[in-house]
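This is what each chain is made of:
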Amino acid sequence: MLDYAALAALAAVIREGSFERAARALHVTPSAISQRIRLLEERVGCALVIRDQPCRATETGRRLCRHVDQVQLLEQDLQGALPALAQTAQGPTRASVPVAVNADSLATWLAPAIAAFAAGHPVLLQVAVDDQDHTAEWLRSGAVLAAVSATARPASGCNSRPLGAMRYLAAASPAFMQRYFSLGVGAASLALAPSLVFNAKDELQARWVRRLCHRHVELPRHALPSSHAFVTAGLAGMGWGLHPQALIQPHLDNGSLVELLPDTPLDVALHWHTARAASGLLDGLSGAILAAARTGLLPP
């Protein structure tokens, strides 16, 4: 049997990023956390924590963290049936639910749904942000229990359900359009016009350009890891980018942003992946997210 006090220590170190913050979260000393991690590593026969700033889990450590997250969800369900178990010396217990999502969903339809769910349920949501083409890797590695992803196929031990499609529009400021695209939008002009990307993984702009030009075009890129910063940069004339229509529609309506080419949207299908944990809390979160997607996204 695994030592669940040690597993809780491991999960706290990874969640908090250091042994000291994990100790404060669990109301023990840092040396107690260190001893529990050491004994757990001896028990499983390999390193579980990469002692960095912040601390990170090894592959085995991530699997154990996902296991303890699932156990916490099951215990939370049990506490719902047996309320006397729900109270500790530090107050009511809450299950940690790590989730990976894409920034554009978080900036538009998703945040209200998860905020309302967390406000009404005994959970602590741990939201990680990554490109929608890569969030499923977080679930596959065991780092999270659920993810919003552009990947349809579920990982082993997981379920996948369609959410709908997010519509993106290529847009820029009128001044930017005049400076770079006065003679039209094509491979030559796109190769000179600075574009906006979320990070090095972001392929949305490149996908839109390939569909338009039928070939690869090397784009000059600004990297801005924020959906709202994308809009701010676009309004300032810093570059053009693919924006969620829901986020920029007011700017399109007042003319402060314009589409590079009308009627050329890029629709990205999104899916909700969850670990197969028989948990009422995880099912409830899934229900809230699926309901929000029905109104916030195009039909699947």
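Refer to the structure printed above.
Being a predicted model, the structure only gives us computed values, none of them experimental. (Residues numbered from 1 in each chain as written. Predicted model: local features only at pLDDT ≥ 70, side-chain atom pairs only at ≥ 80, totals over all residues. Heavy atoms only, no water.)

Draft legend 1. Main features of helix α1 (residues 4–16). With 13 residues, α1 should reach 18 Å at 1.5 Å per residue; the first-to-last C-alpha distance of 18 Å fits that figure. What α1 keeps buried is the set Ala6, Leu7, Ala9, Leu10, Ala11, Ala12 and Val13. Residue glycine 17 follows α1 closely and has a positive phi angle near 95°. (Helix = DSSP H or I, 4+ residues; strand = E, 2+ residues; numbered from the N terminus. Expected span 1.5 Å × (residues − 1). Buried < 20%, exposed > 50% of the residue type's maximum accessible area, 1.4 Å probe, protein only.)

Draft legend 2. View of the packing of α1 against helix α3 (residues 30–44). Taken N-terminus to C-terminus, the directions of α1 and α3 make an angle of 110°; their axes are 9 Å apart at the nearest point. Between α1 and α3, the interaxial angle falls into the category roughly perpendicular. The crossing of α1 and α3 is left-handed. In contact with Ala5, Ala6, Leu7, Ala9, Leu10 and Val13 of α1, α3 contributes Ile33, Arg36, Ile37 and Leu40. For the contact of α1 with α3, the per-class residue count stands at nine nonpolar, no polar and one charged. (Axes fitted to C-alpha atoms, helices over the stretch in contact; angles between N-to-C directions. Parallel < 35°, antiparallel > 145°, perpendicular 65-115°, else oblique. Left-handed = near helix turned anticlockwise from the far one by under 90°. Contact = heavy atoms within 4.5 Å. Nonpolar A, V, L, I, M, F, W, Y, C, P; charged D, E, K, R; others polar.)

Draft legend 3. Summary view of helix α10 (residues 227–236). For α10, the complete set of buried residues consists of Ser227, Phe230, Val231, Ala233 and Gly234. Taken around the axis of α10, the buried residues stretch over an arc of 165°, which confines them to a single face. The outward face of α10, more than 90 degrees from its buried face, is lined by the exposed residues Thr232 and Ala236. Summarising the contacts, the buried residues of α10 are in contact with α5 (103–120), β8 (158–172), β9 (195–197), α9 (204–213), β11 (241–244) and α11 (245–254). Immediately beyond the C-terminal end of α10, within one or two residues, lies glycine 237, with a positive phi of roughly 85°. (Arc of directions from axis to C-beta.)

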